[in-house]
Amino acid sequence: MIGKLLPPPIAASELFGDPPVAAMFPEERELVANAVPERQREFGTVRVCARKALEELGFAPAPILPGPGRAPQWPSGAVGALTHCKGYRAAAVARSSEVLTIGLDAEPHLPLPDEGVRDLVTLPQERAALTRLAALRPEVCWDRLLFSAKESVYKAWYPLAGRWLDFEEAVITIDPDDASFHARLLVEGPVVEGRRLSGFDGRWLVESDLVVTAIAVMR
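Source: prediction; values computed, not measured. (Residues numbered from 1 in each chain as written. Predicted model: local features only at pLDDT ≥ 70, side-chain atom pairs only at ≥ 80, totals over all residues. Heavy atoms only, no water.)

So what's going on with the sheet that holds strand 2 (residues 78–85)? Which residues, and what values?
Read from one edge of the open sheet, three strands run 1-3-2, paired in antiparallel fashion. Every other strand in the sheet has two partners, leaving strand 1 (11–15) and strand 2 as the edge strands with one partner each. Pairwise comparison of adjacent strand axes, ignoring direction, gives a mean angle of 10 degrees for this sheet. Sheet topology note: the strand 2/strand 3 (residues 88–95) ladder contains eight bridges and is antiparallel. Across the sheet, Cys85 pairs through a bridge with Tyr88, a residue of strand 3. Set on the sheet, helix 2 (residues 37–56) makes contact with strand 1, strand 2 and strand 3; between it and strand 3 the angle comes to about 35 degrees. (Pairing = 2+ DSSP bridges. Helix = DSSP H or I, 4+ residues; strand = E, 2+ residues; numbered from the N terminus. Axes fitted to C-alpha atoms, helices over the stretch in contact; angles between N-to-C directions. Contact = heavy atoms within 4.5 Å.)

Here it is, written out as structure tokens:
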């Protein structure tokens, strides 16, 4: 699925379930030793995906541990993103000499739990757009798609900015015709390669009862 959203030279790997035993490095296993079995499985499987994608680019297997802001700490020379939800695990990676940052998120293709959650993660202009999109294509859970896009934005933002980005600090515009979205930052972005970042462009896909969003900022 994510291969449809992210261009070369990005390598991607995904699994729609967990192997009986996900191979983890001791450092990884220690981090989830006290977690429930489901958390252990998703933690291990998504790292299996990451190492498979890294191997495609010539990187040796290594532990992938969470760092500041829960962002994965990638091997030197690599950038990437991880995502997991019920029944799906995925990773996308690239060489840092070719790609600045990647954002990736997958969610079940279901409406958000209630209006309170929706209002917490959206801005007024986004909620107005959701109403229009629902009238246009009611088969798509646009609120969940918007939430996923914001998660992808955060994952792309954090490695560049090194700080949190709240839900109200970026406004998302979704294009239903070409399956794309644009995130306009409402706070000052980091300076990247001599220019100040003002937003992100991404793509989305609804397939196999999932909504997946992805961002890649190329060098």
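Further notes follow.
Tell me about the layout of surface pockets, and please be specific about residues and values.
Quantified by volume, the largest pocket comes out at close to 950 Å³. Where the lining of the largest pocket is concerned, the elements lending two or more residues are helix 2, strand 2, strand 4 (99–108) and helix 5 (142–161). Residue composition of the lining of the largest pocket, by class: 24 nonpolar, five polar and nine charged. (1 Å grid on protein atoms, 1.4 Å probe; cavity = no way out; pocket = protein on both sides within 12 Å on 5 of 7 lines; lining within 4 Å. Points joined across faces, edges and corners; volume = space filled by probe spheres on them. Nonpolar A, V, L, I, M, F, W, Y, C, P; charged D, E, K, R; others polar.)

Residue-level account of the sheet that holds strand 10 (residues 210–218), with values.
Taken together, the five strands give an open sheet; going across it, the order is 4-10-9-6-5, and neighbouring strands pair in antiparallel fashion. If you trace the sheet from one side to the other, it starts and ends with strand 4 and strand 5 (170–175), each paired once. For this sheet, the mean inter-axis angle between neighbouring strands, taken without regard to orientation, is 20 degrees. By the bridge criterion, five bridges tie strand 6 (residues 180–185) to strand 9 (residues 199–207) in an arrangement that is antiparallel. Bridge assignment links Phe181 to a residue of strand 9, and that residue is Gly202. Sitting on the sheet, helix 5 touches strand 4, strand 5, strand 6, strand 9 and strand 10, and the angle it makes with strand 4 is about 150 degrees.

An account of the environment of Ala35 is requested, with residue identities and associated values reported.
Structurally, the position occupied by Ala35 is in the loop between helix 1 (26–31) and helix 2. For Ala35 and Gly67, which are 32 residues apart along the polypeptide, the C-alpha to C-alpha distance reads 18 Å.

An account of empty space enclosed by the protein is requested, with residue identities and associated values reported.
With a probe scaled to a water molecule rolled over the atoms, the places where space remains empty come into view. All chains considered together, the criterion is met by one cavity of 30 Å³ or more. A volume near 40 Å³ is recorded for the largest cavity. Glu126, Ala129, Leu130, Leu133, Leu146, Ile172, Thr173 and Ile174 are the residues that line the largest cavity. Listing elements by their share of the lining of the largest cavity, those giving two or more residues are helix 4 (124–136) and strand 5. By residue number, the principal contributor to the lining of the largest cavity is helix 4, which donates four residues.

How would you explain helix 4 if you had to name every residue and give the values?
In this model helix 4 runs 19 Å from its N-terminal to its C-terminal C-alpha over 13 residues, within 8% of the 18 Å that 1.5 Å per residue would give. Every buried residue of helix 4 is accounted for by Glu126, Leu130 and Leu133. All buried residues of helix 4 fall inside an arc of 70 degrees around its axis, so they share one side. Across helix 4 from its buried face, at more than 90 degrees, point the exposed residues Pro124, Thr131, Arg132 and Ala135. Tucked into the core, helix 4 has its buried residues touching helix 3 (115–121), helix 5 and strand 5. (Expected span 1.5 Å × (residues − 1). Buried < 20%, exposed > 50% of the residue type's maximum accessible area, 1.4 Å probe, protein only. Arc of directions from axis to C-beta.)

Any details on the pattern of salt bridges? Residues and values, ideally.
Oppositely charged side chains may form a pair once their charged atoms are brought near each other. For the coordinates displayed, the defined rule picks out 16 salt bridges. Here the salt bridges do not stand alone but share partners, grouping Asp18, Arg39, Arg41, Glu42 and Arg89 into one network. (Salt bridge = Lys/Arg side-chain N within 4 Å of Asp/Glu carboxyl O.)

Which residues make up helix 5, and what values go with them?
Between its first and last C-alpha atoms helix 5 spans 28 Å; for 20 residues at 1.5 Å apiece the expected length is 28 Å, and the two agree. Counting buried residues along helix 5, 15 of its 20 residues qualify, which places the element largely inside the surrounding structure. Directly after helix 5, the chain includes Gly162, whose backbone phi takes a positive value near 70 degrees.

How would you summarise the side chain of Thr83 if you had to cite specific residues and measurements?
Checked against the element boundaries, Thr83 lands in strand 2. Engagement of the side chain of Thr83 in a polar contact is seen with the backbone nitrogen of Ala106, the distance being 2.9 Å. Sequence-distant contacts of Thr83, that is, excluding residues within four places in its chain, are made with Val46, Tyr88, Arg89, Ala90, Leu104, Asp105, Ala106 and Lys155. (Polar contact = N/O pair within 3.5 Å; in protein donor to acceptor, adjacent residues only side chain to side chain.)

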